[in-house]
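# Overview (structure and organization)
Below are the chains, spelled out letter by letter.
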Amino acid sequence: MRVISLFAGVLLLTACGAAATPRVLAAVHCVAQTTGLLTLPEVESALGSSATGWLAANDGSSPVLGLWGNGDAFYPGFVGRAQRDFQHSEQGRAGAAQLLHVAVASSDFGSVQMAQKWLANQRVMNIPNDKPNERNGVETIPATVTIGDDTFAYQLPGTSEGVFTDIESRVGPYLLAVSTQSSPTYDAVSAVVTLMTSLHAKEHAVCGVA
């Protein structure tokens, strides 16, 4: 069964063969636009790196991106989502504890009920197991602090691109998310929590998310 994270980033989109569905929307809320997403300097600052070019930004976001496939039909009132991706510029150092990819995203579900439904479904789909051919290969549900109204994180350690770590935070009708691809020895859980805290603060400052 395929992982159905809304915020998996460019690498997971490619791996799953999924495509976002464009939607024509009026009066798109700020959270469904790139305005409140972290920028390259903000990601570097949150991760404690000031090296120029450490992450190369690839902004593939749009205020009218919808859920994958026919996902919108299962979440009536869904407004839209935005996503921004960052790629490590120097991959391939064998044995190094390395962060390879970062994706930050935001989504407006239009109602608290629908946002709760999304996060509840993530918990059902992403459970610890050792049968990746039958499920999605999730082996770890790391404990994290609660950011916003509800927070859920999980890891897929055995992907060909490295360890996939995802954290999602619900704030009212909004979902914020951070995902990473990293080497097995990199502390990705701490990284996604740090980045989520920064993303939450910026969405609050720019879009009024509280």
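It should be noted that the structure appears before, not after, this text.
Described in the following lines is the structure provided in the data block. (Residues numbered from 1 in each chain as written. Predicted model: local features only at pLDDT ≥ 70, side-chain atom pairs only at ≥ 80, totals over all residues. Heavy atoms only, no water.)

## Some words on the nonpolar core
Within the largest apolar cluster, 26 residues are counted, with the highest numbers of intra-cluster contacts made by Val-104, Ile-167, Val-178, Leu-195, Met-196 and Leu-199. Elements with a contribution of two residues or more to this core: helix H2 (40–47), strand S4 (80–88), strand S5 (99–108), strand S7 (162–171), strand S8 (174–182) and helix H5 (188–207). Considering each element in turn, this core owes the most residues, six residues, to H5. With near-sequence residues (within four places) excluded, Val-178 lies in contact with Ala-103, Val-104, Thr-165, Asp-166, Ile-167, Val-192, Leu-195, Met-196 and Leu-199. (Core = buried A, V, L, I, M, F, W, Y, C linked by side-chain atoms within 4.5 Å. Buried < 20%, exposed > 50% of the residue type's maximum accessible area, 1.4 Å probe, protein only. Helix = DSSP H or I, 4+ residues; strand = E, 2+ residues; numbered from the N terminus. Contact = heavy atoms within 4.5 Å.)

## Notes on the pairing of S8
Of all nine residues that make up S8, nine are buried, and the element is covered over most of its length. The alternating pattern of S8 places Tyr-174, Leu-176, Val-178, Thr-180 and Ser-182 and Leu-175, Ala-177, Ser-179 and Gln-181 on opposite faces, both of which are buried. Between the antiparallel neighbours S7 and S8 lie two residues, among them Gly-172 with a positive phi of about 60°. (Pairing = 2+ DSSP bridges.)

## Focus: the packing of aromatic side chains
A complete count under the given rule lists six aromatic pairs for this structure. Seen from their ring centres, Phe-78 and Phe-109 are 5.2 Å apart, and the 75° between their planes marks the pair as edge-to-face. In this pair, Phe-78 sits in the loop between helix H3 (71–74) and S4 while Phe-109 sits in the loop between S5 and helix H4 (112–125), placing the two residues 31 residues apart along the sequence. Taken individually, Phe-78 and Phe-109 each receive the classification buried, so the pair is uniform in this respect. Here a set of aromatic residues connected by ring pairs shows up, and it is made of Tyr-75, Phe-78, Phe-109 and Trp-118. (Phe/Tyr/Trp six-rings, centres within 6.5 Å; stacked < 30°, edge-to-face > 60°.)

## Here we look at H5
The end-to-end C-alpha distance of H5, which contains 20 residues, comes to 27 Å, matching closely the 28 Å that a straight helix rising 1.5 Å per residue would cover. Residues of H5 that are buried include every one of Ala-188, Val-189, Ala-191, Val-192, Val-193, Leu-195, Met-196, Leu-199, His-200, Lys-202, Glu-203 and Cys-207, and no others. After H5 finishes, the residue Gly-208 shows a positive phi value of roughly 80°. (Expected span 1.5 Å × (residues − 1).)

## Concerning the pattern of salt bridges
Scanning the entire structure with this criterion turns up three salt bridges. Among the ionic pairs, Glu-42 bridges to Lys-202, the shortest N-O distance being 2.9 Å. In this pair, Glu-42 is assigned in helix H2 and Lys-202 in helix H5, connecting sequence segments 160 residues apart. Assessed through its relative accessible area of 30%, Glu-42 is described here as partly exposed. For Lys-202, a relative accessible area of 16% puts it in the buried group. With a shortest N-O distance of 2.9 Å, Asp-150 and Arg-123 are connected by a salt bridge. With a gap of 27 residues between them, Asp-150 in strand S6 (residues 150–159) and Arg-123 in helix H4 connect regions that are remote in the sequence. (Salt bridge = Lys/Arg side-chain N within 4 Å of Asp/Glu carboxyl O.)

## A short note on the environment of Thr-144
With respect to the helices and strands, Thr-144 occurs in the loop between H4 and S6. Classification of Thr-144 by relative accessible area gives partly exposed; the value is 26%. Put simply, Thr-144 and Ser-190 are 46 residues apart on the chain and 8.7 Å apart in space, counted from C-alpha to C-alpha. Contacts of Thr-144, omitting those with residues within four sequence positions, involve Thr-151, Ala-153, Ile-167, Val-189 and Val-193.

Keep in mind that these numbers describe shape and distance, not what the molecule does.
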